[in-house]
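If you want the building blocks of each chain, they are given just below.
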Amino acid sequence: MKIKELFPILEEMAPLAYAEDFDNVGLLVGNQENDVNGILVCHDALENVIDEAIAQNCNVVVCFHPILFSGLKKITGKNYVERAVIKAIKNDIAIYAVHTALDNHKNGVNKIFCDALGLKHTKILVPKQNFIQKLITYTIPENVEQVRNALFDAGAGKIGNYDDCSFNSQGIGTYMGNENSNPEIGERFEFVEAPEVKIEVTFEKHLQSKILKALFSNHVYEEVAYEIYDLQNAHQNIGLGMVGELEIAMNETDFLALVKDKMQCGGIRHSNLLGKKVSKVAVLGGSGSFAIKNAIQAKADIFLTADLKYHNFYEAENQIVLADIGHFESERFTKNYIVDFLKEKITNFAIVLSEENTNPVKYL
């Protein structure tokens, strides 16, 4: 298997189109034409992790955090990023990052977080905006099923928990072809009125080229009429953070003790406890201060995240408990999930879980 043949598998787990605009995901270092010897999965592709990959005979490192986040003007080995990149290049090791592509997936970072705490009835906390488009097209009744099914197969028509969704309405289409036309119905220079069906389907915008290819390949018309619109609807199954429910409500101190144990936290910083039971919990792995208002609007009793600053804790406003459990801790089990996913998909070479602890934060 060549490195580039890994990409569809990795994108099944974490589609790059799901990543935030600020992020840097996908293949960061390496030649995609090289053969794969083995894959090492880690949280951060630091220099010691590259050493581990060399020792394990793995020439691909799949990491959660991208080691290359912003542009490099020089690569001289003066800092930890440059040293890791130099070592990877010298040893012909590819680095592939998933980060917010996996953060935004409904089965990704935050579902893993929820599962570790036993949360049920989970849903996205901050649904992704500006990600849904609508296709409208027209065809004759005899061609409707073929076109519609092809669009479904290409990924259109998925709304929440439902597949193969469309709206179809009947009407009369008109046209008259010129001397260069080759109409399916009627003749050149003939004004034609024919029954047509209007088909409307929604799709994730990164699928647009695939959707259009399916449309053109399965439509009987010489000239295919279609329209594509951007929709304002938020995507309820893609986004950052999650909110879920405990099977049995707990008092705040007991719940925080549970979190500390399950997520193996060195310590938890939190806002004022409110003296009420915790039933509904919001989580967001990594830096989540931007979602405090979302957690309050979701009527969560507590919001678990990381990298909260001093003034962020004031934003609790006695409406919610804010708890900073640590950045690494909130994403702790992500690399385990990636390994399990890849082992199900690939069996012809080793998938290795990194044993290096790359958490830069230490506790007394």
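Located above this text is the structure these notes cover.
Residues numbered from 1 in each chain as written. Predicted model: local features only at pLDDT ≥ 70, side-chain atom pairs only at ≥ 80, totals over all residues. Heavy atoms only, no water.

Enquirer: Can you help me understand the packing of helix α2 (residues 47-55) against helix α3 (residues 80-90) in this one?
Expert: Two quantities define a packed helix pair, namely the angle between the helix axes and the distance between the axes. Contact geometry of α2 with α3 gives a least axis separation of 8 Å together with a crossing angle of 20 degrees. Taken as axis vectors, α2 and α3 run roughly parallel relative to one another. α2 and α3 meet at a crossing whose hand is left-handed. Every residue of α3 that contacts α2 at E47, I50, D51 and I54 is listed here: R83, A84, K87 and A88. When grouped by side-chain class, the residues that make up the contact of α2 with α3 number four nonpolar, no polar and four charged. (Axes fitted to C-alpha atoms, helices over the stretch in contact; angles between N-to-C directions. Helix = DSSP H or I, 4+ residues; strand = E, 2+ residues; numbered from the N terminus. Parallel < 35°, antiparallel > 145°, perpendicular 65-115°, else oblique. Left-handed = near helix turned anticlockwise from the far one by under 90°. Contact = heavy atoms within 4.5 Å. Nonpolar A, V, L, I, M, F, W, Y, C, P; charged D, E, K, R; others polar.)

Enquirer: I keep staring at the sheet that holds strand β11 (residues 269-270) and nothing clicks. Help me out?
Expert: The strands that make up a sheet pair up through hydrogen bonds in the backbone, lying either parallel or antiparallel. If you walk across this open sheet you meet the six strands as β5-β10-β12-β13-β14-β11, and the pairing is mixed. In this open sheet, the two strands that pair with only one neighbour each are β5 (120-128) and β11. Pairing of strand β13 (residues 302-306) with strand β14 (residues 321-324), which is carried by four bridges, proceeds in the parallel orientation. Paired with I302 across the two strands is V321, which belongs to β14. Sheet strands in contact with helix α5 (residues 109-117) are β5, β10 (235-250), β12 (278-287) and β13, and its direction is about 140 degrees off that of β12. Its contacts with the sheet place helix α8 (residues 252-262) against β10, β11, β12, β13 and β14, and it is angled at close to 120 degrees to β10. (Pairing = 2+ DSSP bridges.)

Enquirer: Looking at this structure, I do not really get the pairing of strand β4 (residues 94-97). What am I missing?
Expert: Residues in a regular strand point their side chains to alternate faces of the sheet. Along β4, one buried face is formed by A94 and Y96 and the opposite face, lined by I95 and A97, is buried too. In terms of strand pairing, strand β1 (residues 26-29) meets β4 through three bridges, oriented antiparallel. In the strand pairing of β4, L27 is matched with Y96. Sheet topology note: the strand β3 (residues 60-65)/β4 ladder contains four bridges and is parallel. When the sheet's bridge partners are listed, C63 is paired in β4 with A97. What joins β3 to β4 is α3, and the crossover it makes is right-handed. (Buried < 20%, exposed > 50% of the residue type's maximum accessible area, 1.4 Å probe, protein only. Right-handed = clockwise from strand over helix to strand, strands pointing away.)

Enquirer: Before we go on, may I ask you to explain the pattern of salt bridges in this structure?
Expert: Side chains that differ in charge, positive against negative, can pair when their charged atoms come close. Applying the stated criterion across every chain yields a total of 13 salt bridges. A salt bridge links E33 to K4, with the nearest nitrogen and oxygen atoms 3.1 Å apart. In this pair, E33 is assigned in the loop between β1 and β2 (38-44) and K4 in the segment before α1 (7-13), connecting sequence segments 29 residues apart. E200 is the salt-bridge partner of K134, the closest N and O atoms lying 3.1 Å from each other. In this pair, K134 is assigned in strand β6 (residues 132-139) and E200 in strand β8 (residues 192-204), connecting sequence segments 66 residues apart. Each of the salt bridges in this network shares a partner with another, and the network as a whole consists of E47, D51, R83 and K87. (Salt bridge = Lys/Arg side-chain N within 4 Å of Asp/Glu carboxyl O.)

Purely geometric stuff here, so don't read any function into it on its own.
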